[in-house]
Amino acid sequence: MGVAGSGKSTIGGALAERLGWAYEDADTFHPASNVAKMSAGQPLTDEDRWPWLKAIAAEIDRVCAGGRKIVIGCSALRRVYRDLLVHGRDDIRFVYLDGSQALIADRIGHRKGHFMPADLLASQFETLEPPGPDEHALAVSIDAPVTTIVDDVLRQLRGGA
């Protein structure tokens, strides 16, 4: 989880590969109206996000019911969004990809072919509520190579400091 450009797809995909799990990008669950709104430079409202988050939560349930595991790259910027995704489950962990606005803005500036324009980054940081200690989330700095970040996530998931 994290703001746009924090590396959710890259880190999530690499983590899933290392774990031997499936990977899904939460962006694929957005209705066309959300993509159009973001492409036009308009931030999403909570009303825009609820159906999207519910679809992701349903996918988590579907995958887990089949006895499989999945990594989903999802912004999950607010606690209420994460609560909806967890919906009482105790087998979900969030990995918070933490980075400065300057670093992420630079990354977004070099990104090609994504519907999220760089000028929405400020609204993402305004919305962001970093996970609290009671959410059992892992926090990792994104100011490192992908392999180092994934190693850090795996170490924390396995209980190492």
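Fair warning: this is a prediction, and the values are worked out from it, not measured in the lab.

The helix and strand inventory of the protein stands at seven helices and four strands. Written out in order from the N terminus, the α and β elements of the protein read α-β-α-α-β-α-β-α-α-β-α. A compact globule built from 161 residues would reach a C-alpha radius of gyration of about 15 Å, and the protein, at 15 Å, matches this within 12%. Seen through its C-alpha atoms, the protein measures out along the principal axes to roughly 40 × 35 × 30 Å. Of all 161 residues assigned to the protein, the portion counted as buried reaches 39%. For the protein, the proportion of contacts with a sequence separation of at least 24, taken over those separated by at least 6, is 72%.

Here we come to the packing of aromatic side chains. Scanning the entire structure with this criterion turns up one aromatic pair. On the numbers, 5.6 Å between centres and 80 degrees between planes, the contact of Trp50 with Tyr81 is edge-to-face. Of this pair, Trp50 sits in helix H3 (residues 46–65) while Tyr81 sits in helix H4 (residues 79–86), and the two are 31 residues apart along the sequence. Residue class for Trp50 comes out partly exposed when judged on its relative accessible area of 25%.

A word on the confidence of the model for the protein. Should the pLDDT be low somewhere, the predicted coordinates at that spot are not to be read in detail. Averaged over all residues, the pLDDT of the protein is 90; the fraction at 70 or higher stands at 91%. No element of the protein has a lower mean pLDDT than helix H5 (residues 101–110), at 78, and none a higher one than strand S2 (residues 70–73), at 98.

Turning to the pattern of salt bridges, a few remarks are in order. Counted under the stated rule, the structure contains 13 salt bridges. The closest approach of N and O atoms between Asp46 and Arg49, which form a salt bridge, is 3.8 Å. Pair noted here: Asp46 and Arg49 are both in helix H3, with a separation of three residues, about one helical turn. On the basis of relative accessibility, which here comes to 22%, the residue Asp46 falls in the partly exposed class. For the salt bridge of Asp134 with Arg79, the shortest nitrogen-to-oxygen distance reads 2.8 Å. One end of the pair, Asp134, is in the loop between helix H6 (121–127) and strand S4 (138–141); the other, Arg79, is in helix H4, and 55 residues separate them in sequence. What makes Asp134 partly exposed here is its relative accessible area of 49%. Connected through shared salt-bridge partners, Arg79, Arg82, Asp83, Asp134 and Glu135 make up one network.

The rules behind the values
Residues numbered from 1 in each chain as written. Predicted model: local features only at pLDDT ≥ 70, side-chain atom pairs only at ≥ 80, totals over all residues. Heavy atoms only, no water. Helix = DSSP H or I, 4+ residues; strand = E, 2+ residues; numbered from the N terminus. Rg over C-alpha atoms; globule rule 2.2 N^0.38 Å. Buried < 20%, exposed > 50% of the residue type's maximum accessible area, 1.4 Å probe, protein only. Contact = heavy atoms within 4.5 Å. Phe/Tyr/Trp six-rings, centres within 6.5 Å; stacked < 30°, edge-to-face > 60°. pLDDT = per-residue confidence, 0-100. Salt bridge = Lys/Arg side-chain N within 4 Å of Asp/Glu carboxyl O.

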